[in-house]
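Next come the chains, spelled out residue by residue.
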Amino acid sequence: MVDQRSVDVGGVRLAYEVSGPPDAPPLVLLHGLGEDATDWAVVGPALARSRRAFALDLRGHGRSDWPGDYSLELMQADVLRFLDVLGLGQVDLIGHSMGGIVAYLLAEDHPQRVNRLVLEDVSVPRPREQTTPTRPDGDLTFDWEMVLAIRRQIDVPDPRWLERLSEITAETLVVAGGPRSHVPQDGVAELARRIPGGRAVTIPVGHLIHHAAPAAFTEAVSAFLPASVGVRPAR
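The model shown is predicted, which means the values in this text are computed figures rather than measured ones.

I'm lost on helix α2 (residues 72-85) in this one. Help?
Residue pairs three or four apart in sequence face the same way in an α-helix, which turns once every 3.6 residues. Taking 1.5 Å of rise per residue, the 14 residues of α2 would be expected to cover 20 Å, and the 20 Å separating its terminal C-alpha atoms lies within 8% of that figure. Buried within α2 we find L72, M75, Q76, A77, D78, V79, L80, F82 and L83.

Next comes the structure, spelled out in structure tokens:
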């Protein structure tokens with residue numbers, strides 16, 4: 001059963017979905033650009049069998065606040081406050097695409113808060129050709145101003161993001177989408193190499209791995225995550 005909840009993380013209200021045994025170790029799921037917590041629905045039940053799974057709507061997405069002020073660093077700060085407000089000391093963390101950047105920024109800045117880290121089809125942060133995306137027609141489930149702000153950061157990332165990958169202490173699994181993904185796969189492989197204790201696995205179905213191959217994705221993630229022992233209960 002999935003419960004929909006929300007919490008104030010310092011002036012911004014984040015919506016989230018929670019599922020899994022209340023006394024199980026906490027697992028936090030961070031979606032990609034333009035998605036929300038429901039993006040994890042296809043793999044959530046499997047992941048929540050042995051975890052208390054928290055799937056967030058990051059700021060500017062879904063049911064969370066759209067405050068008009070956006071950056072990947074602000075999203076990272078929101079996630080950290082989320083952990084603090086809910087009393088989650090150390091968590092396992094899964095991030096897809098943009099959510100993967102937020103996840104590794106948190107693991108860089110607060111390594112003691114991340115036990116194991118899963119990055120789904122995320123490339124090493126290097127400058128790339130800047131483009132201006134076209135707004136889709138109709139109503140959106142995310143703030144278009146957020147998309148423009150985040151795309152600018154991804155196109156021209158802060159050099160410190162790359163430099164500090166070596167400071168991540170969490171064991172890390174990088175799941176690559178293979179040649180069908182639009183994300184440069186050499187960059188995904190380099191990300192895994194730059195993180196101490198990083199390892200990589202390829203599931204060659206494209207960028208949306210957990211959608212295109214949910215069984216293979218959950219099998220790889222479940223094999224990587226530690227056994228459910230010695231962790232404080234999560235709310």
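Honestly, the confidence of the model for the protein in this entry has me stumped. Any pointers?
Detailed conclusions should not be drawn from predicted coordinates in areas where pLDDT is low. Taken over all residues, the pLDDT of the protein has a mean of 95, while the share at 70 or more is 96%. A low-confidence stretch, residues 229-235 stays under pLDDT 50, and its non-local contacts, those more than four residues away or across chains, total 19 contacts.

Please explain the environment of T134 as it appears in this structure.
Here T134 shows up in the loop between β6 (114-120) and α4 (144-155). Of the residues examined, T134 reaches a relative accessible area of 71% and is grouped as exposed.

It is not clear to me how the pairing of β6 should be interpreted in this structure. Could you clarify?
Working note: regular strand, side chains alternate between the two faces of the sheet. The buried fraction of β6 amounts to 6 of the 7 residues, a majority that puts the element mostly inside the structure. Both strand β5 (residues 91-96) and β6 contribute to a ladder of 5 bridges, which runs parallel. Across the sheet, the residue bridging to V91 is V114, located in β6. Regarding the hand of the β-α-β motif, the stretch spanning β5, helix α3 (residues 98-109) and β6 is right-handed. Bridging between β6 and strand β7 (residues 171-176) involves 5 bridges; their strand directions are parallel. What sits directly across from L119, in β7, is V174.

I'm lost on the layout of surface pockets in this one. Help?
Gaps between atoms show up when a probe of the same size as a water molecule is rolled over them. The volume enclosed by the largest pocket comes to roughly 730 Å³. Surrounding the largest pocket, 32 residues form its lining, S97, R128, I154, H182 and V183 being those nearest its centre. Listed by contribution, the elements that provide at least two residues to the lining of the largest pocket are α3 and α4.

Just checking my understanding: could you explain the nonpolar core for this structure?
Note on soluble globular proteins: their nonpolar side chains tend to be buried together. Counting residues in each nonpolar core, the largest one holds 56 residues, and the members touching the most others are L72, F82, Y104 and L117. Per-element tally for this core: the top contributor is α3, with 8 residues. In this structure L72 touches M98, I101, V102, L105, I150, Q153, I154 and W161, once residues within four positions along its chain are discounted. L29, W40, V175 and I203 belong to the second largest nonpolar core, which has 18 residues in total.

Can you help me understand the packing of aromatic side chains in this one?
Any aromatic ring pair is given by two values, namely how distant the centres are and how the planes are angled relative to each other. In total, this model carries 3 aromatic pairs according to the counting rule given. Ring geometry for Y16 against F82: centres 4.9 Å apart, planes inclined by 80 degrees, an arrangement best described as edge-to-face. Of this pair, Y16 sits in strand β2 (residues 13-19) while F82 sits in helix α2, placing them 66 residues apart in sequence. An identical accessibility class is assigned to Y16 and F82; each is buried. Judged by centre distance (6.1 Å) and plane angle (75 degrees), the rings of F54 and F82 are edge-to-face. Remark: F82 occurs in helix α2 and F54 occurs in strand β4 (residues 52-56); sequence separation between them is 28 residues. Like F82, F54 is buried. Three or more aromatic residues joined by ring pairs make a cluster, and in this case those are Y16, F54 and F82. In this structure, R116 is placed above the aromatic ring of F224, and the distance from its NZ or CZ to the ring centre is 5.1 Å.

Reading the values: rules and limits
Residues numbered from 1 in each chain as written. Predicted model: local features only at pLDDT ≥ 70, side-chain atom pairs only at ≥ 80, totals over all residues. Heavy atoms only, no water. Helix = DSSP H or I, 4+ residues; strand = E, 2+ residues; numbered from the N terminus. Expected span 1.5 Å × (residues − 1). Buried < 20%, exposed > 50% of the residue type's maximum accessible area, 1.4 Å probe, protein only. pLDDT = per-residue confidence, 0-100. Contact = heavy atoms within 4.5 Å. Pairing = 2+ DSSP bridges. Right-handed = clockwise from strand over helix to strand, strands pointing away. 1 Å grid on protein atoms, 1.4 Å probe; cavity = no way out; pocket = protein on both sides within 12 Å on 5 of 7 lines; lining within 4 Å. Points joined across faces, edges and corners; volume = space filled by probe spheres on them. Core = buried A, V, L, I, M, F, W, Y, C linked by side-chain atoms within 4.5 Å. Phe/Tyr/Trp six-rings, centres within 6.5 Å; stacked < 30°, edge-to-face > 60°. Lys NZ or Arg CZ within 6 Å of the ring centre and 35° of its normal.

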